[in-house]
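One letter stands for each residue in the lines below.
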Amino acid sequence: MAWTQLVPDLLGVFFFAVSGSLLAQRRSFDIVGSLLLGTCVGLGGGILRDVILDVGVPRAFDSPVYLVPPVVAAVVVYFFAHVVQRFHDVLLTFDAAGMALFSVTGTLVALDAGMNHAAASILGVVTAVGGGVIRDVVANDVPQIFRARGLYAIPALIGAGLTALTSWLDWFGLVAAWAVAVLVFALRMVSLRYRWEAPPAAR
Amino acid sequence: MAWTQLVPDLLGVFFFAVSGSLLAQRRSFDIVGSLLLGTCVGLGGGILRDVILDVGVPRAFDSPVYLVPPVVAAVVVYFFAHVVQRFHDVLLTFDAAGMALFSVTGTLVALDAGMNHAAASILGVVTAVGGGVIRDVVANDVPQIFRARGLYAIPALIGAGLTALTSWLDWFGLVAAWAVAVLVFALRMVSLRYRWEAPPAAR
Amino acid sequence: MAWTQLVPDLLGVFFFAVSGSLLAQRRSFDIVGSLLLGTCVGLGGGILRDVILDVGVPRAFDSPVYLVPPVVAAVVVYFFAHVVQRFHDVLLTFDAAGMALFSVTGTLVALDAGMNHAAASILGVVTAVGGGVIRDVVANDVPQIFRARGLYAIPALIGAGLTALTSWLDWFGLVAAWAVAVLVFALRMVSLRYRWEAPPAAR
């Protein structure tokens, strides 16, 4: 995989892994639980995507470099959790950053595997939200994606959709990738700050 | 896939998606959460089956038509949830209908993929109950299949077993398919109504 | 598969299935729920491994013999649960035995499928802990692996690591396999007895 794609993917793994390790700390799991939950969250979405794409062994198992970010995340949380916990919503911020990057890289991986643009967008969303759903299900919470504060799936859908669209128009490149990721992240954070809400499930 | 198999499969997706969107409404999720949970429930069992069968990209991702029933279900629940909630057990009824159809179509897909009749029955059960288990796990409930009211897994097993059996005897056809599905649905509903119960897990 | 590998694998399925059926009994599930939960726990880790390895239909579906241990486990728990519940930690003991055996056989299967030794160890851990995580998630508990009593993931990691290491050094054989499994089981049980604990997730 090109460096331009590997770097945001590994960054996404790191951000999600931090969110997992922070949740582990909040739930008083031990350091091994922190490493494991961070690994599940960081790699879960991509493994789900690769298993669905049926393209052989998921890259997280093929390329040992994917195991580095969760280890770094567990160490960072071990030493700095007491610092970052002072700020509100640190977990949600890291989660948003991971989600934003994965909505782009997940869609790209699916396009590279030959999926059509619609299916690739959906797999991008699966990659972007899958890790977080695994984190919350395993920690016995209702997944964040279903809890009301701010928009979650809509930014992920926009990120995956824009990636597929710019790629289809042949406008996709490094600038577009980062622009989309920053937009998705900003949308999530702004919607969280101003408590934007989608309509309820029933009138 | 033949129309005779596609129609009940899509109907099954729709019924399960309604059960997911109704649960989303009951839990006060927003409309996006309703769509996502309905999609998970409607497509989850089939994706699980296709991933286990290892037959390439699951058909839910290959054929965009599978995304239509969850959208319709979310819209229907949005407008009519307040109507249907007046009746008892609407969620359970839709769940039973989805389960009945999937116990037949799930087994057929596995047979088509070349599995032996025993393994195909088990995959039929996985398809039939998988979506509901995903729904309840994601919504942080103990899956319905383990909760005591009425029989759940036994009708699914009977449906998958009869499908495999009639197919083995070469009696399988459109009439048999619908007869089995109706039988499974009826068995589930009757067992719910009269609170039939399997023996406990221990003497 | 060779008998020397099949026997410990089936024993692992049996031990895990007993832990699932015991949990089902504790939660007042019925006999079908006991069989299903035992099956999920016994076969879940291996199915997860085979799906990730992308080596065709998981062996649990290919070889019907894998369905025997969960049936035996459900029957045993049905008749003897009231006996074994007198002893403390019966569920944890069976869980530990399953985990110990799977940390060895899971790693072997991954090595046989051509994975490198690092990835094979990680898949060994996935096999060893996956079934238990599925059991606890489905029964709506925080997985044991994250709960503080005794060490869990560390013994699994040691078992998988030693299996990969001895295999790499060409020292692996029947004696090594059982020695590693017994060591992992002993480590888990001793850590449980003396309440060894890993450091917390944050300083």
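Residues numbered from 1 in each chain as written. Chains lettered and ligands numbered in written order. Predicted model: local features only at pLDDT ≥ 70, side-chain atom pairs only at ≥ 80, totals over all residues. Heavy atoms only, no water.

For the record, the criterion: UniProt positions are given in the numbering used here, feature names are shortened, and annotations may be inferred rather than shown by experiment.
Under an unreviewed UniProt entry, chain A has the name Membrane protein YeiH and belongs to Promicromonospora thailandica. What UniProt records for chain A under Sequence similarities (unreviewed entry) is the sentence "Belongs to the UPF0126 family." You can read under Subcellular location (unreviewed entry) in the UniProt record for chain A the words "Cell membrane".

Re the interface of chain A and chain C
As a reminder, the rule being used: Here a residue-residue contact requires only that any non-hydrogen atoms of the pair lie within 4.5 Å. The buried area of a pairing is the accessible area, by a 1.4 Å probe, that goes missing from both parts when the two are put together, added over both. What counts as a salt bridge is simple: a side-chain nitrogen of Lys or Arg found within 4 Å of a carboxyl oxygen of Asp or Glu. Elements are defined by DSSP. Helices are runs of H or I of four residues or more, strands are runs of E of two residues or more, and each kind is numbered from the N terminus. Under the scheme applied here, ten amino acids are nonpolar (Ala, Val, Leu, Ile, Met, Phe, Trp, Tyr, Cys and Pro), four are charged (Asp, Glu, Lys and Arg), and all others, including Gly, are polar.
Counting residues at the interface gives 29 residues for chain A and 25 residues for chain C. Summing both partners gives a buried area of about 2300 Å² for chain A against chain C, and 70% of it is carried by carbon and sulfur. Summed over the shared surface of chain A and chain C, the result is zero salt bridges. When contributions to the side of chain A that touches chain C are tallied by element, the ones reaching two or more residues are helix 1 (3-26), helix 2 (31-53), helix 4 (68-84) and helix 6 (117-138) of chain A. When residues of the side of chain A that touches chain C are assigned to their parent elements, the largest contribution, eight residues, is made by helix 2 of chain A. Looking at the side of chain A that touches chain C, its residues break down into 20 nonpolar, six polar and three charged.

Some points on the relation of the copies chain A and chain C
To be explicit about the condition: Fitting of the copies onto one another was done by least squares over C-alpha atoms, counting residues only where both copies have pLDDT of at least 70.
Laying chain A over chain C is done by rotating through 120° and shifting 0.0 Å along the axis; what remains is an RMSD of 0.0 Å. Taken together, the rotation and translation describe the operation of a three-fold axis. In this assembly the copies use different faces: only 14% of the residues contributing to the interface of chain A also contribute to that of chain C.

Some points on the UniProt feature "transmembrane region" (unreviewed entry) in chain A
Under the feature "transmembrane region" (unreviewed entry), the UniProt entry names residues 6-24, 31-52, 64-84, 91-111, 117-138, 150-169 and 175-194 of chain A. Summarising residues 31-52 of chain A: 100% helix, 0% strand, and an end-to-end C-alpha distance of 31 Å.

With respect to the pattern of salt bridges
Residues and elements named next belong to chain B. In the structure shown here, the tally under the stated rule is 15 salt bridges over all chains. The partner of aspartate 141 in a salt bridge is arginine 27, with the nearest N and O atoms 3.1 Å apart. With aspartate 141 in the loop between helix 6 (117-138) and helix 7 (153-168) and arginine 27 in the loop between helix 1 (3-26) and helix 2 (31-53), this residue pair connects regions lying 114 residues apart in the sequence.

Points about the packing of aromatic side chains
All names here are of chain A. Condition: We call Phe, Tyr and Trp rings a pair once their centres come within 6.5 Å, taking the six-membered ring for Trp, and we label the pair stacked below 30 degrees between planes, edge-to-face above 60, and tilted otherwise. Only protein chains enter the calculation, and the probe is 1.4 Å; a residue is then buried if its accessible area is under 20% of its type maximum, exposed if over 50%, and partly exposed in between. Any Lys NZ or Arg CZ that is within 6 Å of a ring centre and within 35 degrees of that ring's normal is treated as a charge sitting over the ring.
What the rule picks out here adds up to 15 aromatic pairs over all chains. On the basis of an interplanar angle of 45° and a centroid distance of 5.3 Å, the ring pair of phenylalanine 16 and phenylalanine 102 is categorised as tilted. Here phenylalanine 102 lies in helix 5 (residues 90-112) and phenylalanine 16 lies in helix 1, a separation of 86 residues in the sequence. By the burial criterion, phenylalanine 16 is buried, and phenylalanine 102 matches it. An aromatic cluster is built from Phe14, Phe15 and Phe94, whose rings are joined through pairwise contacts. It is arginine 193 that lies over the ring of tyrosine 194; its NZ or CZ is 5.0 Å from the centre.

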